[in-house]
Amino acid sequence: MSAVAEAVELKNKGNAAIAKKDWREAVRYYDKAIELDPTQAVFYSNRAHSHIKLESYGFAISDATKAIELDPSYIKAYYRRAISHLAITKQKEALKDFRTVCKMAPNDKDAKLKLQECEKIVRRMDFLKAIELGDPPSAAEGLDLNTMAVEPDYTGVRLGDEMTKEFVEDMIQRFKDGKKLPKKYAFQIVLMAKAIFMTEPTMPEVKIEEGQTLTVCGDTHGQYFDLLEIFNRNGYPTESHMYLFNGDFVDRGSWSTEIALLLFTYKCLYPKSFFLNRGNHETDDMNRVYGFEGECKAKYSERMFKLFSEAFSALPLATLIGGKYLVLHGGLFSDDKITLKDIRDYDRHRQRQPGQEGLMMEMLWTDPQSLPGRGPSKRGVGLMFGPDVTKRFCENNGLEAIIRSHEVRMGGYEVEHDGRCITVFSAPNYVDSSGNKGAYINIGPDYKLQHNVFDAVPHPDIKPMAYAQSPLTSMMM
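Bear in mind that the values here come from a model prediction, so they are computed numbers and not experimental data.

Caption draft 1: Looking closely at the overall build of the chain. Helix and strand counts for the chain stand at 17 helices and 14 strands. In terms of C-alpha radius of gyration, the chain reaches 23 Å, essentially the compact-globule figure of 23 Å for 477 residues. The C-alpha extent of the chain, read off along each of the three principal axes, is 70 × 50 × 45 Å. Partitioning the contacts of the chain with sequence separation of at least 6, the portion at a separation of at least 24 is 71%. In the form shown here, the chain has an accessible surface area of approximately 20,100 Å², with 50% of it arising from carbon and sulfur atoms.

Caption draft 2: Region of the structure containing empty space enclosed by the protein. Using the criterion set out here, one finds 2 cavities of 30 Å³ or more in the structure. Quantified by volume, the largest cavity comes out at close to 110 Å³. The wall of the largest cavity is formed by 16 residues, among which Gln223, Gly253, Trp255, Asp432 and His459 lie closest to the centre. Taken together, the residues that form the lining of the largest cavity break down as 7 nonpolar, 5 polar and 4 charged. Here the second largest cavity defines a volume of roughly 60 Å³. The wall of the second largest cavity is formed by Leu332, Phe333, Asp335, Asp336, Ile338, Arg374, Val389, Arg392, Phe393 and Asn396. With 4 residues, helix α17 (residues 387-397) is the largest single contributor of residues to the lining of the second largest cavity. Counted by class, the lining of the second largest cavity contains 5 nonpolar, 1 polar and 4 charged residues.

Caption draft 3: Quick peek at the pattern of salt bridges. Inspection of the entire model under this criterion finds 34 salt bridges. Between Lys66 and Glu69 there is a salt bridge whose closest N-O contact spans 4.0 Å. Separated by 3 residues within a single helix, Lys66 and Glu69 lie in helix α4 (residues 57-70), roughly one turn from each other. Salt-bridge contacts for Asp388 lead to Arg392; the nearest nitrogen and oxygen are separated by 3.6 Å. One end of the pair, Asp388, and the other, Arg392, are both in helix α17, 4 residues apart, so they sit about a helical turn from each other. Classification of Asp388 by relative accessible area gives partly exposed; the value is 24%.

Caption draft 4: Here's a closer look at the packing of helix α11 (residues 256-269) against helix α14 (residues 302-313). In the contact formed by α11 and α14, the axes pass within 13 Å of each other and the chain directions differ by 50°. With respect to α14, the axis of α11 lies oblique. Between α11 and α14 lies a crossing of left-handed hand. Along its contact with α11, which presents Ala260, Leu261 and Phe264, the element α14 presents Met304, Phe308, Ala311 and Phe312. In the contact of α11 with α14, the residues fall into 7 nonpolar, no polar and no charged.

Conventions adopted
Note on numbering: residues in each chain are counted from 1, in written sequence order. Totals for whole chains, interfaces and linings use all residues, but because this is a predicted model, local features are given only for residues with pLDDT of at least 70 and pairs of side-chain atoms are given and counted only at 80 or more. Calculation of side-chain values draws on the structure's entire complement of heavy atoms; hydrogens and water are dropped beforehand. By definition, any uninterrupted DSSP run of H or I lasting at least four residues is a helix, any uninterrupted run of E lasting at least two residues is a strand, and each is numbered from the N terminus. Atoms counted for the radius of gyration: C-alpha only. Globule rule: 2.2 Å times residue count to the power 0.38. Here, two residues are considered to be in contact whenever any of their heavy atoms come within 4.5 Å of each other. Each accessible area value is a Shrake-Rupley result obtained with a 1.4 Å probe; residue values ignore everything except the protein chains displayed when judging cover. In this analysis, the protein atoms alone were mapped onto a 1 Å grid. Cavities are point sets where a 1.4 Å probe fits without being able to get out; pockets are open sets with protein on both sides within 12 Å along at least five of seven lines; lining residues have an atom within 4 Å of a point. Grid points are joined across faces, edges and corners, and a volume is the space filled by probe spheres set on the points. The nonpolar class holds Ala, Val, Leu, Ile, Met, Phe, Trp, Tyr, Cys and Pro. Asp, Glu, Lys and Arg form the charged class, and all remaining residues, Gly among them, are polar. The term salt bridge refers to a pairing of a side-chain nitrogen on Lys or Arg with a carboxyl oxygen on Asp or Glu at a separation within 4 Å. Summary of the burial criterion: residues with accessible area below 20% of their type's maximum are buried, those above 50% are exposed, and those between are partly exposed, where the area comes from a 1.4 Å probe applied to protein chains only. Lines fitted to the C-alpha atoms define the axes, with helices restricted to the stretch that makes contact. Angles between their N-to-C directions range from 0 to 180 degrees. Roughly parallel means an angle under 35 degrees; roughly antiparallel, over 145; roughly perpendicular, 65 to 115; everything else is oblique. Left-handed describes a crossing whose near helix is turned anticlockwise from the far helix by less than a right angle; the clockwise case is right-handed.

Printed below as a string of structure tokens:
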């Protein structure tokens, strides 16, 4: 068989893997096909599709661009590049590709609809940027909780000036039953939690004493019933059973307000033993694309989203456990000179959003790679860091390992970089389609890591990103 024919066979196997939603296997087949015949646009375009499903949007943009270079008339490649740009909130780049598609296929009604939808997104982003103030007033301004009434049909436990275990337990059941909180209580919880976050350092430092356990959880992404499965299996938070949630509480899953409110209530109940790190989805631009803003508006109000936004911007960026483990959402840095002291000293309140560069962006966005050194981000934001980077950082800062989240792991967690980089992801069967396990890590006073794996549990029939405000978002899933 010739190399060209073998490449076509590998491409067909990649297509079959796509049909089975085995995106990683599909990428492997397309990799081999491209090695044998790097001249076929379809190989790159199909691999771009698989990278989109894996949220490797930077790789998808690169592949789609290569496909376009090989065949400037290949419409699917323009589509895939546009969707990838949308996914990393580069809407104007996406708009260029949708316009190209419409020029190439002027009678394609679906292409016109996608172009119109993208134009709407760009107009909205431009409008928000135009009205953005350097230091806008708080959404809490003019909000008088003392005069706000609780809805008369609310029959749950009342919330006073302090959080109570009874209120939290009642709220958990209300959310399971598909009910909401009164707006007054929802506002109150977010404001109470934000006040605590504002008192915390950028990197809280936690010690685990005798009789205590700390559980580290990764992304939960609005999968409320899977979050409860963690608590049901592992125990609910107490002063002696501490928890650390490592960002990305919201977006994609359609119970994001429920998760955010529950985590915030536990923070209010146990401020010294329940910890939250910020993730890249605790940011305005991601929330506008991936559903949280729409969910807040649908279930509560626009003001609710703005209050959450302010609370998210106050979240710590990392947590140091026993001086041994640095827990942060994304990963390490573009500069080997960055130390724990730089994180301690970083004033996270100077900028509410992480932007496209700098320390905060890297802490929320970077990913590990198997190759040494640093490389371009597969996501199109941040960078990738190799085992040598992790080794130097841990040795320079006296750490055993970093614990991060930010990426689906099919087994729920993965230990990489000679044991110095651990990824934990706590949203099983992510977006109801990935088939992955969820995981969490228990750490006792001996600071040994105990990895625990669990499966997704059933949930009411509400699809992921049900509250996303653009139909284009369905193409990112």
